[in-house]
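Structural characterization, general
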Amino acid sequence: MTQIYHRMFSFFKSKSSTGYRPTSSDEEFDGYRDTSAIYDSSASEKPRDEDTAQSLLGRNTSAIRRISSSSRLGQIFFVVNLFFFFFQMGLFFFYTGSYRSFQDLKQNKGNILLKALTYHAPILDQIEIPMIEVTVNGTFLNEANSIFRRHPSPEVDAAWERISTVEPNAITKADVLALGRDPLSTAKFTPNFGFGSDAYVIEVDTFHQLHCLDTLRQNLIHTFEHYNPISAFYDPNPNTTSIVTKIIPRITIEHNFHCIDIIRQALTCQPSLEPVTLDWARTQVHPFPDFSVTRRCVDFDKIVEWRERNSADMMLYRDLKKPEWAREKNVSPELVEIMAEREREREERKQRMKAVGLEPEGFEGHTHSGHGDHELP
């Protein structure tokens, strides 16, 4: 064993004395080249100290360990770089996807915004309603000549009727249940309407709100007589001094209060949070508000077009009567009294009209609002 160590020491010493520096392949294979020489070496060679040989062998072992350690570091470096590559790619796709999601949200793709703000609306699964930017006409006078702010005329009435007509539409029983309503007490279309056997009657709430607004428009003091000419034949009782009780029927007053509160609830349910700036304006001493704010709005024409395509036949609807099996909803005693009072007023007005030679048929007045006979929903 001593001779083997001695031979290895002599070999590496000879390499070092000639200035040669072994390569990695030399370190790997030199020992194998001289294997025969090691085993054939003569016993006459000077023995070397065994500790010196072991020290040399230890240094070679350290070199091998350094090579192995360097290899492991390279592998770790590769794995770390691979991790950061995929991490950066993940960030790229995340922000790209987030930007696209934000754009989809901003444009109301798939009605995502409206669905988030609506309890349950089947219309949102039937049409896509884009978001558009609209600047409010906030001027005090009708400087933009909006048809909705003009004095009564057939053209004005037609414009209001288009956006405020309350016409019935159909939903399924599943939709009725999703709304938390009882299908037995919900009106159902008969098959001749063409909506199928699973079709329940609804109105889209926004048209009811606009109907209420149009009702207020018609009942303004300077337009009331235009839309309610029969009210001019008020009770001539000299003890009745209030012009309101003389001219405006109680049901109309209650209808106005109803509509005002419907609008109030709609506005407070989804309030506009856009700031209204106040300016120093000519002719004004104090700050004057500029109501011409810019909002993100739905394309309302799309909803009107949908209603026009999908509404029930109104002639058939007038004949849709409550079936015997229907579960009736209770109404307040006051409403029962008001409806009875309306019938009495109609009869009295018919008699007054006959007394002055007018034909009472069709006297009920303007009914284009879309609610027809059910003036109080």
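In short, a report on the structure. (Residues numbered from 1 in each chain as written. Predicted model: local features only at pLDDT ≥ 70, side-chain atom pairs only at ≥ 80, totals over all residues. Heavy atoms only, no water.)

**Digging into helix H14 (residues 333-355)**
Our working definition: Strands here are runs of E lasting at least two residues and helices are runs of H or I lasting at least four, both read from the DSSP assignment and numbered beginning at the N terminus. Each residue after the first adds 1.5 Å to the expected span of a helix. Only protein chains enter the area calculation, which uses a 1.4 Å probe; residues under 20% of their type maximum are buried, those over 50% are exposed, and those in between are partly exposed. Here a residue-residue contact requires only that any non-hydrogen atoms of the pair lie within 4.5 Å.
In this model, H14 (23 residues) spans 33 Å end to end at C-alpha, consistent with the 33 Å of a helix rising 1.5 Å per residue. For H14, the full list of buried residues reads Ile338, Glu341, Arg342, Glu345, Arg346, Arg349 and Met353. Of the surrounding secondary structure, the elements contacted by the buried residues of H14 are helix H11 (250-269). Where H14 terminates, the next one or two residues include Gly357, which has phi positive at roughly 85 degrees.

**Some remarks on the nonpolar core**
Going by this rule: Definition used in this section: a nonpolar core is a set of buried Ala, Val, Leu, Ile, Met, Phe, Trp, Tyr and Cys residues joined via side-chain atoms within 4.5 Å.
Counting 11 residues, the largest nonpolar core is built from Leu114, Ile123, Leu124, Ile127, Ile129, Val166, Val204, Phe207, Ile303, Val304 and Trp306. Among the elements that make up this core, the one with the highest residue count is helix H12 (residues 300-310) (3 residues). Once you skip the residues sitting within four places of it in the chain, Trp306 turns out to touch Ile123, Gln126, Ile127, Asn169 and Val204. With 5 residues, the next largest nonpolar core counts Phe189, Ala199, Val201 and Ala312 among its residues.

**Points about the pattern of salt bridges**
Formally: A pair is scored as a salt bridge if a Lys or Arg side-chain nitrogen falls within 4 Å of a carboxyl oxygen belonging to Asp or Glu.
Applying the stated criterion to the full structure yields 13 salt bridges. Linking Asp125 and Lys115 is a salt bridge whose minimum nitrogen-to-oxygen distance equals 3.1 Å. With Asp125 in the loop between helix H5 (112-117) and strand S1 (131-135) and Lys115 in helix H5, this pair connects stretches of sequence that are 10 residues apart. Overall, Lys115 belongs to the partly exposed group, its relative accessible area being 40%. For Arg264, the salt bridge identified is with Asp261, shortest N-O distance 2.6 Å. Of the two residues, Arg264 and Asp261 are both situated in helix H11; the distance of 3 residues between them amounts to about one turn of the helix. Among the residues examined, Asp261 registers a relative accessible area of 31% and is labelled partly exposed. One network of salt bridges, with partners in common, ties together Arg162, Glu167, Asp301, Arg307 and Glu308.

**Looking at the packing of aromatic side chains**
Selection criterion: Between the rings of Phe, Tyr and Trp (Trp by its six-membered ring), a pair exists once the centres lie within 6.5 Å; its type follows the angle of the planes, with under 30 degrees stacked, over 60 edge-to-face, and the other angles tilted. Should the NZ of a Lys or the CZ of an Arg lie within 6 Å of a ring centre and within 35 degrees of the ring normal, that charge is described as sitting over the ring.
Here the structure, examined in full by the defined rule, presents 4 aromatic pairs. Measuring from ring centre to ring centre gives 5.5 Å for Phe148 and Trp160, while their planes differ by 90 degrees; the resulting arrangement is edge-to-face. Linking Phe148 in the loop between S1 and helix H6 (154-164) with Trp160 in helix H6, this pair joins segments that are 12 residues apart in sequence. Judged by relative accessible area, Phe148 falls into the partly exposed class, the value being 32%. Look at Trp160 and you get buried, because its relative accessible area is 7%. Among the aromatic residues, those joined into a cluster by ring pairs are Phe189, Phe193 and Phe195. Note that Arg307 overlies the ring of Phe207, its terminal NZ or CZ placed 4.8 Å from the centroid.

**Let's talk about unusual backbone geometry**
With phi around 60 degrees, Asn111 is a residue other than glycine that occupies positive phi space. Inspection of the secondary structure puts Asn111 in the loop between helix H4 (50-106) and H5. Phi at Asn145 takes a positive value of approximately 55 degrees, unusual for a residue other than glycine. Inspection of the secondary structure assignment puts Asn145 in the loop between S1 and H6.

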